[in-house]
Every structure is written in C-alpha cells, then in structure tokens.
Amino acid sequence: MATENKNLSEYDKNTIPNAKDFRFGIVVSEWNETITEGLYNGAFDALIDCEVPQQQIIRWNVPGSFELIYGAKKMLQTQNVDAVIVIGCVIQGETKHFDFVCEGVTQGIKDLNVQTDIPVIFCVLTDNNIQQSIDRSGGIHGNKGTEAAIAAIKMAYIRQQASMSHPFNQPLLASGAIQIEETPRKIEKE
C-alpha cells in the first residue's frame, strides 16, 4: 500500500508557500458521506492552518463522485479560484460499476487539468472496502484531504509563479518556495 508507511496528515509548514491570498474551491461528493466529510474536514483544517481565510474557501456538494467533474468545471468557470480540490469516495462492490466510475472520474479530472489553467486536485479514495476509506479519511493513515489541501496550495503557488515573467530555477529553497531569478534577455540586433 502506498500509504502504509506514511501519515497523510503530516506536513511541514516551513515547506509550504504562503497561502493567505489564495482562494480555494472544494467540491464534495455526498456519496459515502461519512468518508467525504472526514476528507473535507482534513482539507479545510489544513487550509485554515496554512492561513487561508475561511471566506476564501468555497464548498459545493454534488450527489456522487462522477458528478465531481461537472462541479469542478463549473467552479473553475464561475468562482475565480486558484485551485479546486475534488473529494469523493468509491468503494469496490460486486459489479464493474466501481471500475467505470473510477476510470471516468480520473480521466475527467485529468482532462480539466489539461484544458484549464487552474489546478484540480484529485482527492477521491478508490478503496476495496470501507475500512480502507476510514483509515485514509482521518484514521490510522491520516487524512488524504489534508494531503490534497497541501497539494492545492503548492499548485496554486506554482500557477502564480508561472504567470510571472520570471523563469523558474530548478532548486527549491529551504522554505519549500521556488527560487525565482531574473534572467537577462538577449536583445537581437536587426
């Protein structure tokens, strides 16, 4: 298991960019609500802990995980956010429905990341049983929602820095920030 030896809730605030000026959207599936509420709480608490003002966090609910794609798309189009976190939980059942939903949601969120300039963070648990979901939504493995919020902050920062006229330098600073250096431009003579 990828999370077996990692606590999803642990992060070092010294490695996270300043998030107080960013605006975040969170789209939450109502299906498997106990799990998705736990994931939402992890994401919300991490954003607040990283100094995002509560009024800069927008929450929308959708009926199920498949509807996360449309909810995220509409949030991107209407809410002037710096990143969107989609939260869902799909648990393996006796039919192939699990496979179709997981594949569709994964591809849909991937498509939004390719088609738009605003990062959409995937926080959809795709577990074999309810216990695995409990373990990853505030249980023994921590909270995937917390991890998604930290990813959203970092991606919003990368988007902000990429929009500047300065190029990225490869190494990160000790604070976790990306070092920006101004590169002189060559002036071509005609």
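Worth saying up front: this structure is predicted, and the values here are computed from it rather than measured.

Asker: Honestly, the confidence of the model for the protein in this entry has me stumped. Any pointers?
Answerer: The share of residues in the protein with pLDDT of 70 or more is 83%, and the mean pLDDT across the chain is 84. Confidence drops under pLDDT 50 across residues 179-190; counting only partners more than four residues distant or on other chains, this segment forms 14 contacts.

Asker: What is the right way to read the packing of aromatic side chains from this model?
Answerer: The relative placement of two aromatic rings is captured by the distance of their centres and the angle of their planes. Scanning the model with the defined rule gives two aromatic pairs in all. With 6.2 Å between their ring centres and 75° between their planes, Phe22 and Phe24 make a pair best called edge-to-face. Judged by relative accessible area, which is 0%, Phe24 ranks as buried. The ring of Tyr40 has Arg59 lying over it, and the distance from NZ or CZ to the ring centre is 4.2 Å.

Asker: Hey, could you run me through the layout of surface pockets in this one?
Answerer: Regions of empty space are outlined by a rolling probe, equal in size to a water molecule, passed over the atoms. Here the largest pocket defines a volume of roughly 250 Å³. Around the largest pocket, the lining comprises 16 residues; the ones closest to its centre are Trp31, Cys89, Val90, His97 and Val101. Classifying every residue of the lining of the largest pocket gives seven nonpolar, seven polar and two charged.

Cut-offs and rules
- Starting afresh in each chain, residues are numbered from 1 along the sequence in its written order.
- Local features in this predicted model are restricted to residues whose pLDDT is 70 or higher, and side-chain atom pairs enter the listing and the counts only when it is 80 or higher, whereas totals over whole chains, interfaces and linings include all residues.
- Heavy atoms throughout the structure, all of them, feed into the side-chain values; hydrogens and water do not.
- Each residue gets a pLDDT score, which is the predictor's confidence in that residue and runs from 0 to 100.
- It only takes one pair of heavy atoms within 4.5 Å for two residues to be counted as in contact.
- When the centres of two rings from Phe, Tyr and Trp lie within 6.5 Å, Trp using its six-membered ring, the rings pair. Their planes under 30 degrees apart give stacked, over 60 give edge-to-face, and anything left gives tilted.
- When a residue's accessible area, from a 1.4 Å probe over protein chains only, is under 20% of the maximum for its type it is buried; when over 50% it is exposed; and in between it is partly exposed.
- For a ring to carry a charge above it, either NZ of a lysine or CZ of an arginine must fall within 6 Å of the ring centroid while also lying within 35 degrees of the normal to the ring plane.
- With a 1 Å grid spanning the protein atoms alone, the term cavity applies to any set of points in which a 1.4 Å probe fits but cannot get out, the term pocket to an open set with protein on both sides within 12 Å along at least five of seven lines, and the term lining residue to any residue with an atom within 4 Å of a point.
- Grid points are joined across faces, edges and corners, and a volume is the space filled by probe spheres set on the points.
- As a working rule, the residues Ala, Val, Leu, Ile, Met, Phe, Trp, Tyr, Cys and Pro are called nonpolar, Asp, Glu, Lys and Arg charged, and the rest polar, with Gly in that last group.

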